[in-house]
Amino acid sequence: MTVSVTTPRNGSQQSSPSKGGPSKDAPKPSSKPAVRFNLVQYLKDVRAEATRVTWPTRRNTLVTTGAVLAMAALTSVFFFVVDQVIGLGVRELFGVGG
């Protein structure tokens, strides 16, 4: 079986009809001009966006941090107790472990 590939003038590739039409890997012509990255404009936009952010107060941050630490401590105690209970059950059931 032979497959022929033709290259049209616009640069996109197209396979022969025996393959089912245009190739899915062929680049598509772009109608948009290439956009270049402008670092200075990006930094200006970042600064403008940062001024619109509603920042939490110090008290808000401390309260939230305390709540997170308390929940982490409670969770660790809970899983420690569950682990000890499961370990006790395995030791009693199978007679293994310390």
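Residues numbered from 1 in each chain as written. Predicted model: local features only at pLDDT ≥ 70, side-chain atom pairs only at ≥ 80, totals over all residues. Heavy atoms only, no water.

Student: Sorry if this is basic, but what is going on with the overall build of the protein chain here?
Tutor: Broken down by element type, the protein chain carries two helices and two strands. Ordered by position in the sequence, the α and β elements of the protein chain form the string β-β-α-α. The buried share among the 98 residues of the protein chain stands at 5%. (Helix = DSSP H or I, 4+ residues; strand = E, 2+ residues; numbered from the N terminus. Buried < 20%, exposed > 50% of the residue type's maximum accessible area, 1.4 Å probe, protein only.)

Student: Would you mind going over helix H2 (residues 58-94) with me for this structure?
Tutor: The α-helix winds at 3.6 residues per turn, so residues separated by three or four positions along the chain end up facing the same way. The end-to-end C-alpha distance of H2 is 54 Å, a good match for the 54 Å that 37 residues give at a rise of 1.5 Å each. A positive phi of about 70 degrees marks Gly95, the residue just after H2. (Expected span 1.5 Å × (residues − 1).)

Student: It is not clear to me how a nonpolar patch on the surface should be interpreted in this structure. Could you clarify?
Tutor: A cluster of nonpolar residues, Phe37, Leu39, Tyr42, Leu43 and Val46, forms a patch on the protein surface that exposes about 540 Å² of accessible area. Within the secondary structure, Val46 sits in helix H1 (residues 39-51). Exposure remark for Val46: the relative accessible area of 39% places this residue in the partly exposed category. (Patch = residues over 30% accessible without salt bridge, like charges linked within 9 Å, V, L, I, M, F, W, Y side chains within 5 Å. Areas by Shrake-Rupley, 256 points an atom, 1.4 Å probe, with all protein chains shown as cover. Salt bridge = Lys/Arg side-chain N within 4 Å of Asp/Glu carboxyl O.)

Student: Help me understand the packing of aromatic side chains, please; the structure alone is not making it clear to me.
Tutor: Each aromatic ring pair is summarised here by two numbers: the centre-to-centre distance and the angle between the ring planes. A full pass over the atoms with the stated rule returns two aromatic pairs. For the ring pair Phe37 and Tyr42, a centre distance of 5.7 Å and an interplane angle of 50 degrees mean the geometry is tilted. Pairing Phe78 with Phe79 gives two aromatic rings, centres 5.2 Å apart and planes at 70 degrees, and the pair type is edge-to-face. (Phe/Tyr/Trp six-rings, centres within 6.5 Å; stacked < 30°, edge-to-face > 60°.)

Student: How should the environment of Thr51 be read in this particular structure?
Tutor: Locating Thr51 in the fold gives a position in helix H1. Judged by relative accessible area, which is 63%, Thr51 ranks as exposed. One polar contact links the side chain of Thr51 to the main-chain carbonyl oxygen of Ala48, over a distance of 2.6 Å. (Polar contact = N/O pair within 3.5 Å; in protein donor to acceptor, adjacent residues only side chain to side chain.)

Student: Teacher, can you tell me more about H1 here?
Tutor: The end-to-end C-alpha separation of H1 is 19 Å, in line with the 18 Å expected for 13 residues at 1.5 Å each. For H1, the side-chain oxygen to backbone nitrogen distance between the N-cap and Val40 is 3.3 Å, and the N-cap itself is Asn38.

What is shown is where atoms sit, not what they do.
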